[in-house]
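# Geometric and topological summary
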Amino acid sequence: MNAQALHGHLDALLLAVLERGALHGYAIIEALRARSGGVLDLPTGTIYPALRRLERAGYVSSAWSTVNGRERRTYELTGAGHRALVGERSSWQEFSSTVARFLGGPETPGAPA
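The sections below set out a description of the structure shown in this document. Note that the structure is a prediction, hence the values are computed from the model and not measured. The numbers attached to residues start from 1 for each chain and follow its sequence in the written order. At least 70 in pLDDT is required for a residue's local features to be given in this predicted model, at least 80 for side-chain atom pairs to be given and counted, and no such filter applies to totals for whole chains, interfaces and linings, which use all residues. Calculated side-chain values reflect all of the structure's heavy atoms, with hydrogen atoms and water omitted.

Attention now goes to the pattern of salt bridges. Salt bridge criterion: a side-chain nitrogen from Lys or Arg within 4 Å of a carboxyl oxygen from Asp or Glu. The final tally for this structure, using the stated rule, is five salt bridges. For Glu19, the salt bridge identified is with Arg89, shortest N-O distance 2.7 Å. In this pair, Glu19 sits in the loop between helix H1 (10–18) and strand S1 (23–24) while Arg89 sits in helix H4 (residues 79–103), placing the two residues 70 residues apart along the sequence. When accessible area is computed with a 1.4 Å probe and restricted to protein chains, residues below 20% of their type maximum are described as buried, those above 50% as exposed, and intermediate ones as partly exposed. Arg89 sits in the partly exposed class, given a relative accessible area of 39%. Residue Arg33 is joined to Asp41 by a salt bridge in which the shortest nitrogen-to-oxygen separation is 2.5 Å. Where salt bridges share partners, they join Glu30, Arg33 and Asp41 into one cluster. A run of H or I in DSSP becomes a helix once it reaches four residues, and a run of E becomes a strand once it reaches two; helices and strands are each numbered from the N terminus.

In this sheet, strand S3 (residues 70–77) lies alongside strand S2 (residues 60–67) in antiparallel orientation, the contact comprising eight bridges. Residue pairing in the sheet places Val67 in a bridge with Arg70 of S3. Here a strand pair is declared whenever DSSP counts at least two bridges between the two strands. Between the antiparallel neighbours S2 and S3 lie two residues, among them Asn68 with a positive phi of about 50°.

Stacked, edge-to-face and tilted are the three classes for Phe, Tyr and Trp ring pairs, Trp counted by its six-membered ring, which pair at centre distances within 6.5 Å; planes under 30 degrees apart are stacked, over 60 edge-to-face, the rest tilted. Scanning the model with the defined rule gives one aromatic pair in all. Centroid distance Trp92 to Phe95: 5.8 Å. Interplanar angle 40°. Geometry classified as tilted. With Trp92 and Phe95 both in helix H4 and three residues apart, this pair spans about one turn of that helix. With a relative accessible area of 41%, Trp92 lands in the partly exposed category.

Before going further, it helps to examine unusual backbone geometry. Positive phi, close to 50°, is recorded for Asn68, a residue that is not glycine. Relative to the helices and strands, Asn68 is located in the loop between S2 and S3. In this structure Asn68 comes out as exposed when scored by relative accessible area, which is 77%.

This is the structure we're talking about:
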């Protein structure tokens, strides 16, 4: 799946990945890939700008650390990020149930067209 197909949903996916705890950038990419069964194989050029956007919005904080002699930037949710994720989940439920009414299968008999 390409990044364009995720337009409008990438931020929520990143917040959901970080809900489980702080991760460095490559680990975030790996978590997206693993949790999606390999469908979300997004390049760093998609992920890092989104993380910076979330940080500017106050939803994510970051800090530099050294792991095995390598500098890594680790990201974690803030309180505002947790609240934003709750809102994103609610919006997603409403959106997906509405779209399912159209794309979920044959229309229910007697339902307005």
